[in-house]
Amino acid sequence: TKAEIEKRLAALGAGAKKDDVVFVVLIGHGTSDGKMSKFNLPGPDMTAADFGAVLKGFGTRNIVFVNSSSASGPFVEALAAPGRVIVTATRNAAEQFATLFGGYFIDALASDAADADKNRRVSVLEAFNAAKIEVARVYEQRGIMLTERAMLEDGGDGEGSMDPAVNGKDGRIAAMLSL
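Okay, so let's go over this structure.

The rules behind the values
Residues numbered from 1 in each chain as written. Predicted model: local features only at pLDDT ≥ 70, side-chain atom pairs only at ≥ 80, totals over all residues. Heavy atoms only, no water. Pairing = 2+ DSSP bridges. Helix = DSSP H or I, 4+ residues; strand = E, 2+ residues; numbered from the N terminus. Salt bridge = Lys/Arg side-chain N within 4 Å of Asp/Glu carboxyl O. Buried < 20%, exposed > 50% of the residue type's maximum accessible area, 1.4 Å probe, protein only. Axes fitted to C-alpha atoms, helices over the stretch in contact; angles between N-to-C directions. Parallel < 35°, antiparallel > 145°, perpendicular 65-115°, else oblique. Left-handed = near helix turned anticlockwise from the far one by under 90°. Contact = heavy atoms within 4.5 Å. Nonpolar A, V, L, I, M, F, W, Y, C, P; charged D, E, K, R; others polar. Arc of directions from axis to C-beta.

Observations regarding the sheet that holds strand E4 (residues 46-47)
Line of reasoning, step 1. Ordered by their spatial adjacency, three strands build an open sheet running E2-E3-E4, and the pairing between neighbours is antiparallel. At either end of the open sheet lies a strand with only one pairing partner, and these are strand E2 (30-32) and E4.
Line of reasoning, step 2. Note: strand E3 (residues 37-39) against E4, two bridges, orientation antiparallel. Residue Lys-38 lies in a different strand from E4, and its bridge partner there is Thr-47.

Remarks on the environment of Ala-71
Line of reasoning, step 1. Mapped onto the secondary structure, Ala-71 falls in the loop between strand E5 (62-67) and helix H3 (74-79).
Line of reasoning, step 2. Placed 23 residues apart in sequence, Ala-71 and Ala-94 show a C-alpha to C-alpha distance of 6.1 Å.

A closer look at the pattern of salt bridges
Line of reasoning, step 1. Scanning the model with the defined rule gives 10 salt bridges in all.
Line of reasoning, step 2. Between Lys-169 and Asp-157 there is a salt bridge, with its nearest N and O atoms 3.5 Å apart. With Lys-169 in the segment after strand E7 (151-153) and Asp-157 in the segment after E7, the pair connects residues that are 12 residues apart, well separated along the chain.
Line of reasoning, step 3. You can call Lys-169 partly exposed: its relative accessible area is 48%.

Some points on the packing of helix H4 (residues 101-109) against helix H5 (residues 124-142)
The relative placement of two packed helices is expressed as an angle between their axes plus a distance between the axes.
Line of reasoning, step 1. Between H4 and H5, the least distance of the axes is 8 Å, while the angle of their chain directions is 135°. Here H4 lies oblique to H5, going by the angle between them. Every pair of crossing elements has a handedness; the one defined by H4 and H5 is right-handed. Contacts from Phe-101, Tyr-104, Phe-105, Ala-108 and Leu-109 in H4 reach Val-124, Ala-127, Phe-128, Ala-130, Ala-131, Lys-132, Glu-134, Val-135, Arg-137 and Val-138 in H5.
Line of reasoning, step 2. The residue makeup of the contact of H4 with H5, split by class, is 12 nonpolar, no polar and three charged.

Focus on the pairing of E5
Line of reasoning, step 1. In terms of burial, E5 is a largely internal element, six of the six residues being buried.
Line of reasoning, step 2. The alternating pattern of E5 places Asn-62, Val-64 and Val-66 on one face and Ile-63, Phe-65 and Asn-67 on the opposite face, and all of these are buried.
Line of reasoning, step 3. Judged from the six bridges that link them, strand E1 (residues 21-26) and E5 form a sheet pairing that is parallel. When the bridges of E5 are listed, Val-22 appears paired with Ile-63.
Line of reasoning, step 4. With five bridges connecting them, E5 and strand E6 (residues 84-88) associate as parallel partners. Its bridge partner lying in E6, Val-64 is registered against Val-85.

So, H4
Line of reasoning, step 1. What H4 keeps buried is the set Phe-101, Gly-102, Phe-105, Ala-108 and Leu-109. Across the axial projection of H4, the buried residues extend over an arc of 130°, all falling on one side.
Line of reasoning, step 2. Where H4 is buried, its residues touch E5, E6 and H5.

Next comes the structure, spelled out in structure tokens:
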């Protein structure tokens, strides 16, 4: 429930130290009414503003927030801040179909295959890029139109990018953070 997630995240944030890297990964379904995107839960759903209020209490300077649900794109702008890497499965609220991105993102984090620079750790950027490639492959293989376009934001400006890179506007921080 919303209350339980807020409680657990607040406790996690209170215990986070300055140099910790905290990962928050949402797997499920999201919706949008055209004005606001939400992550669906039993009872009241959570908006990006709800998550943002809890994240303000974190004592760490590095937070990776992944919303792998549909209609997750608006979370990029709402949660962007210095030291945060925001990843969404969609680029906007109109992409409301079930997403594949989350599963491939988790698989990439756990797989040496996504380690593009072969440094024996998979960065958030590497996992993002690997998942994006797999999602596109599956849609092409099925012969259907791509209905999810993942975004990554780590520059703090709230704009995000579908093609982040180590030397790009977005991607520099994501390239340094890993599990």
